[in-house]
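Per-entry structural report
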Amino acid sequence: MRIFITGITGFIGGRLAHFWQQQHDRTIGGTGRAEERPATLPASVQYFPVDFSNLDSLNAALHSFQPDVVIHSAAMSKPNDCEVQQDLCSLINVDATAAVVAACEKMNCRLLFMSTDFVFGDHGPFAEDDAYEPVNFYGLSKVRAEELVKASAIDWSIVRTVLVYGQQFAGMHATFPQWVKNNLEQGKTIRVFTDQYRTATYVDDLVDGIDRIIQQRAKGIYHLSGEETTTPFDFARLVASYLGYDLSMVQPTTRIEMPEAARRPIRSTLTIQKAKSELGYAPRSLDVVLPLLF
């Protein structure tokens, strides 16, 4: 099977590449922004430098590789950046998705589109068929991209996930638990939101769920996240406690006290019953995962 991953140098794309390159019946290729091949990519992965402002280069990479499956994980995903650069966000998150969909239609290949809990609003938990209600432009851009995928004639799947964390490769930004650890070990007090609720997702569980969708040729929308609802504040305190730091170094704050350019939904938690029953998806709890992170 030939699998093409847009954003293969990103956190999720990179983990998928490392997971699948160990399977001899998989040939992996993908795109990244860097002109030079990143050293963290497995040697067997075919790398295509692509600037998403140039959709011709994206099309050329896809048609050169001739995939059986495309995982479209590349995105402009920082909500504050999306809010202040809406044209760029639309180009990367919507126009590029349209180009990927069109290429898949021409090549008659499957598409798995990576989406987000931010397509919803404040009042989770949300199931796969709940109504869209994004509260920021990032969420709106992913709604528009999802609609393009759902309107296509190809075999498609959409995966929505939440606050993905885990061990990152060298040179990548720290995910939330590592951010907490890095600040605390430097003696810094951190302020963390108490009024945002998420079902945080361990990246290896997410990779397993995506692999199950590909293996089972599952179609439609699947929520792949953790099962526990937590706030960033409670998550940070759990990390601090596990690492033996003084819990007073983790201070509470709220959206009113620390406003951001893009409003975040209050409770964008996801239900995962569909993935559990149809795919056999079984995410691990935070207390099981923490010893794997540090």
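Scroll up a little and you will see the structure.
For clarity, every value in this text was computed on a predicted model and none was experimentally measured.

Scoring rules and cut-offs
- As a convention, each chain's residues are numbered from 1 in the sequence order in which they are written.
- Given that the model is predicted, a residue must reach a pLDDT of at least 70 before its local features are reported, and side-chain atom pairs must reach 80 or more before they are shown or counted; all residues, however, enter totals for whole chains, interfaces and linings.
- Excluding hydrogens and water, the side-chain values take into account all heavy atoms of the structure.
- Here a helix means four or more residues in a row that DSSP labels H or I, a strand means two or more in a row labelled E, and each is numbered from the N terminus.
- All radius of gyration figures rest on C-alpha atoms, and the globule criterion is 2.2 Å times the number of residues raised to 0.38.
- When checking whether two residues touch, look at their non-hydrogen atoms; a contact exists if any pair is within 4.5 Å.
- Reported accessibility uses the Shrake-Rupley method at a 1.4 Å probe radius. Residues are deemed covered only where the shown protein chains occlude them.
- We count Lys and Arg on the positive side and Asp and Glu on the negative side, and we leave His and both chain ends out.
- Where a charge sits is defined by one atom per residue type, namely NZ (Lys), CZ (Arg), CG (Asp) or CD (Glu).
- Any residue under 20% of the maximum accessible area for its type is buried, any over 50% is exposed, and the rest in between are partly exposed; the area is computed with a 1.4 Å probe on protein chains only.
- Here, strands pair whenever DSSP counts at least two bridges between them.
- The handedness of a crossover follows from its direction of travel: if, with the strands pointing away from the viewer, the path from the first strand over the helix to the second runs clockwise, the crossover is right-handed.
- For helices, the fitted axis covers only the stretch in contact; all axes are lines through C-alpha atoms, and the angles between them, taken along N-to-C directions, range from 0 to 180 degrees.
- Angular relationships are summarised with four words: roughly parallel below 35 degrees, roughly antiparallel beyond 145, roughly perpendicular across 65 to 115, and oblique for the angles in between.
- Two helices crossing with the near one rotated counterclockwise from the far one by less than a right angle form a left-handed crossing, whereas a clockwise rotation gives a right-handed crossing.
- Each residue gets one of three labels, nonpolar for Ala, Val, Leu, Ile, Met, Phe, Trp, Tyr, Cys and Pro, charged for Asp, Glu, Lys and Arg, and polar for the others, Gly among them.
- Any Phe, Tyr or Trp ring, taking Trp's six-membered ring, that has another such ring centre within 6.5 Å forms a pair; planes under 30 degrees apart are called stacked, those over 60 apart edge-to-face, and the others tilted.
- Counted as over-ring charges are cases with an Arg CZ or a Lys NZ within 6 Å of the ring centre that also lie within 35 degrees of the ring normal.
- As used in this record, nonpolar core signifies buried Ala, Val, Leu, Ile, Met, Phe, Trp, Tyr and Cys residues forming a set joined through side-chain atoms within 4.5 Å.

Focus on the overall build of the chain
What the chain contains, in helices and strands, is 10 helices and 11 strands. A compact globule built from 294 residues should have a C-alpha radius of gyration of about 19 Å, and the chain, at 19 Å, falls within 12% of that. For the C-alpha atoms alone, the extent of the chain along its principal axes is close to 55 × 40 × 40 Å. Considering only residue pairs separated by 6 or more positions, the chain has 76% of its internal contacts joining residues 24 or more positions apart. Accessible surface computed for the chain: about 12800 Å², of which carbon and sulfur atoms make up 48%. Each charge sign in the chain was given a centre, from 27 positive and 34 negative side chains, and these centres are 2 Å apart.

As for the pairing of strand 6 (residues 156-161)
For strand 6, a buried count of 6 out of 6 residues is recorded, marking the element as mostly surrounded by other parts of the structure. Neither face of strand 6 is exposed, since Trp156, Ile158 and Arg160 on one face and Ser157, Val159 and Thr161 on the opposite face are all buried. Both strand 5 (residues 110-116) and strand 6 contribute to a ladder of 6 bridges, which runs parallel. Within strand 6, the position partnered with Phe113 by the bridge is Ile158. Read from strand 5 through helix 5 (residues 137-150) to strand 6, the crossover connection turns out right-handed. Inspection of the sheet shows strand 6 paired to strand 10 (residues 220-223) by 4 bridges, in the parallel sense.

A word on the packing of helix 4 (residues 86-107) against helix 5
Between helix 4 and helix 5, the shortest axis-to-axis distance is 9 Å and the interhelical angle comes to 15°. Comparing their axes, helix 5 and helix 4 come out roughly parallel. You can see that helix 4 and helix 5 cross each other, and the crossing is right-handed. Two secondary-structure elements touch here, helix 4 through Gln86, Cys89, Ser90, Asn93, Val94, Thr97, Ala98 and Val101 and helix 5 through Phe137, Tyr138, Ser141, Lys142, Arg144, Ala145, Leu148 and Val149. In terms of residue class, the contact of helix 4 with helix 5 is built from 9 nonpolar, 5 polar and 2 charged.

Comments concerning the sheet that holds strand 1 (residues 2-6)
The strand order 3-2-1-4-5-6-10 describes an open sheet built from 7 strands, whose pairing is parallel. Pairing within the sheet leaves two strands with one partner each, and these edge strands are strand 3 (46-49) and strand 10. Each strand axis lies, on average, 20° off the axis of its neighbour in the sheet, ignoring direction. Contacts between helix 1 (residues 11-20) and the sheet are confined to strand 1, strand 2 (27-32), strand 4 (69-72) and strand 5, with strand 1 contributing the most and set at about 160° to the helix.

Some details on the packing of aromatic side chains
Enumeration over the complete set of coordinates arrives at 10 aromatic pairs. Centre to centre, the rings of Phe120 and Phe126 are 4.4 Å apart; their planes meet at 10°, and the pair counts as stacked. For the pair shown, Phe120 and Phe126 are each scored as buried. In textbook terms, an aromatic cluster arises when at least three aromatic residues are bridged by ring pairs, as seen for Tyr165, Phe176, Trp179, Tyr202 and Phe235. Over the aromatic face of Tyr197 sits the side chain of Arg267, whose NZ or CZ is 4.1 Å from the ring centroid. One cation-aromatic arrangement involves Lys274 over Tyr222; the distance from NZ or CZ to the ring centre is 4.5 Å.

Points about the nonpolar core
General note: in soluble globular proteins, nonpolar side chains tend to be found buried as a group. In terms of nonpolar packing, the biggest core is built from 33 residues, with Leu58, Leu62, Val70 and Leu111 touching the most fellow members. The element best represented in this core is helix 4, accounting for 9 residues. Counting 31 residues, the second largest nonpolar core, distinct from the first, contains Ile3, Ile12, Ala17 and Val207.

Considering unusual backbone geometry
For the peptide bond that leads from Gly124 to Pro125, omega is 10°, which places it in the cis range. For Pro125, the position within the fold is in the loop between strand 5 and helix 5. Even without being glycine, Asn108 reaches a positive phi, approximately 55°. Its place among the elements puts Asn108 in the loop between helix 4 and strand 5. Of note, the phi angle at Leu163 is positive, near 40°, even though the residue is not glycine. Since its relative accessible area comes to 34%, Leu163 is described here as partly exposed.

With respect to helix 6 (residues 176-185)
An α-helix turns once per 3.6 residues; consequently, residues spaced three or four apart project the same way. Within helix 6, burial applies to Phe176, Pro177, Gln178, Val180, Asn183 and Leu184. Residues of helix 6 that are buried make contact with strand 7 (164-165), strand 8 (190-193), helix 8 (232-243), strand 11 (250-253) and helix 10 (286-293).

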